[in-house]
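# Observations on chain architecture
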Amino acid sequence: MASHPAERLRMLNRLITFAVALLFLPPIALTLAGQAWFAPTLIEGSVWLPTLFGILAVLAFGILLDTLTFHRTGHSLLRSQRNYLLWSGVAGTVTGTLIAYLNLFTGSWFTAGSEVQALLLAAFSGTALLPVILIARLWLAGLPGLVRLGTRRFALPALPPETAAILLIFVALTGLLGGTIWTDRLDWLFWLSPLLLLVALQLLWNESTIFSGLAHGDWSRILLGAISGIVVGGCALAVYRFSGGSLYRAAGTWQLLAGLAVFGLLCLQIGDAVAENWRGKPRGEVFKKKAFPIPVVSKKDE
């Protein structure tokens, strides 16, 4: 489907604003607090070859899930939405780089090599992780039992979009600024902040978010996105470590799972934002009432 220029511009504006905020807020926090930035601790070991093995494993896993989805539904992202996946890969490159950049201020994990190498490794990894997470979510969406598990649950009260956006921006700024200064206390909010910030930007631009279904008791997108992040991210991490990759992480097992779940939700929200480039219609047309999908034949027409 051809993209609409207005939708493309709105999508780019949000993603650029998102990236700029993540780049500048942590150093601003250090400047305001009068603190100096310290380079993360380096450890010895191998990273490049294990990273390559991890990326190849993730890509193979994605092809497998996409093939299973195609055989089950006759539709798959690799066969019908290749351009979307390619641009999602580009978004994943930027996302991975930003995540590694934020880690320079918190030291949640350490790898061998310099800071530049860490950014490059994260960029290459993100290129594969984000599209495969989207493929995994689509495959999981075809499991009726799992989908039913996340639907018809308790609904959360919906705030006006502007109010919700302001609250989320406040929390995200608190996390990105405060988490940089008090890493030991607010690291959990620091890593949750990118997702909250992107959701807030979606609301400010009057777009839907991955949390939109919560007002109707639909938690399926949250559940499937979190599981996708855990499964795909866990696969990449397991292959990386099994291949001899060096990594030290400060988080425990449950914190790691929570972080992968949040990463999956972030990838899902970024995927939604990128998908707006292929919407092919102005926003006003999106909310127009559609004709009844089943033709009604009256006796006079028979």
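The shown structure was predicted, so the numbers you read here are calculated from the model rather than taken from an experiment.

Procedures and definitions
- Residues numbered from 1 in each chain as written.
- Predicted model: local features only at pLDDT ≥ 70, side-chain atom pairs only at ≥ 80, totals over all residues.
- Heavy atoms only, no water.
- Helix = DSSP H or I, 4+ residues; strand = E, 2+ residues; numbered from the N terminus.
- Contact = heavy atoms within 4.5 Å.
- Buried < 20%, exposed > 50% of the residue type's maximum accessible area, 1.4 Å probe, protein only.
- pLDDT = per-residue confidence, 0-100.
- Salt bridge = Lys/Arg side-chain N within 4 Å of Asp/Glu carboxyl O.
- Phe/Tyr/Trp six-rings, centres within 6.5 Å; stacked < 30°, edge-to-face > 60°.
- Lys NZ or Arg CZ within 6 Å of the ring centre and 35° of its normal.
- Core = buried A, V, L, I, M, F, W, Y, C linked by side-chain atoms within 4.5 Å.

So, on to the overall build of the protein chain. Counting secondary structure elements, the protein chain contains 11 helices and 2 strands. Put simply, the protein chain runs from its N terminus to its C terminus through helices and strands in the order α-α-α-α-β-α-α-α-α-α-β-α-α. The contacts of the protein chain with a sequence gap of at least 6 include a subset with a gap of at least 24, amounting to 84%.

Another aspect to go through is unusual backbone geometry. Note on backbone geometry: most residues besides glycine have negative phi, and most peptide bonds are trans. Phi is positive for Asn206, which is not a glycine, with a value near 60 degrees. Inspection of the secondary structure assignment puts Asn206 in the loop between helix 8 (183-204) and helix 9 (220-242). Residue Asn206 is classed as partly exposed on the basis of its relative accessible area, which comes to 44%.

Of all residues in the protein chain, 88% attain a pLDDT of 70 or more, and the chain-wide mean is 86. No element of the protein chain has a lower mean pLDDT than helix 11 (residues 283-286), which averages 38, and none a higher one than helix 7 (residues 161-181), which averages 95. Ignoring residues within four places in sequence, the model shows residues 280-302, a span with pLDDT below 50, making 16 contacts including any to other chains.

Attention now goes to the pattern of salt bridges. Counting across every chain of the model gives 2 salt bridges. Residues Arg79 and Asp66 are paired through a salt bridge, measuring 2.9 Å at the closest nitrogen-oxygen approach. Within this pair, whereas Arg79 is found in helix 3 (residues 77-80), its partner Asp66 is found in helix 2 (residues 48-73), the two being separated by 13 residues in sequence. For Arg79, a relative accessible area of 41% puts it in the partly exposed group.

A few words on the packing of aromatic side chains. All chains considered together, the criterion is met by 5 aromatic pairs. An angle of 75 degrees between the planes, with centres 5.2 Å apart, marks the rings of Tyr101 and Phe105 as edge-to-face. One end of the pair, Tyr101, and the other, Phe105, are both in helix 4 (residues 82-106), 4 residues apart, so they sit about a helical turn from each other. Per residue, the accessibility class of Tyr101 equals that of Phe105, and both read buried. Relative to Tyr248, the ring of Phe110 lies with its centre 5.8 Å away and its plane at 15 degrees, an arrangement referred to as stacked. Of the two residues, Phe110 is situated in strand 1 (residues 109-110) and Tyr248 in strand 2 (residues 248-249); the sequence distance between them amounts to 138 residues. Since its relative accessible area comes to 45%, Tyr248 is described here as partly exposed. Connected via pairs of aromatic rings, a cluster forms that spans Trp109, Phe190 and Trp191. Lying over the aromatic face of Phe70, Arg79 brings its terminal NZ or CZ to 4.3 Å of the ring centre.

Turning next to the nonpolar core. Most often, soluble globular proteins have nonpolar side chains that are buried together. Ranked by internal contacts, the top residues of the largest apolar core, which has 54 residues, are Phe18, Leu22, Val58, Leu197, Val232, Leu266 and Ile270. When contributions to this core are tallied by element, the ones reaching two or more residues are helix 1 (5-33), helix 2, helix 4, helix 5 (115-140), helix 7, helix 8, helix 9 and helix 10 (253-275). Here this core takes 9 residues from helix 4, the largest share from any one element. Residue contacts for Leu197: discarding those within four places in its chain leaves Phe18, Ala21, Leu22, Ala172 and Leu176.

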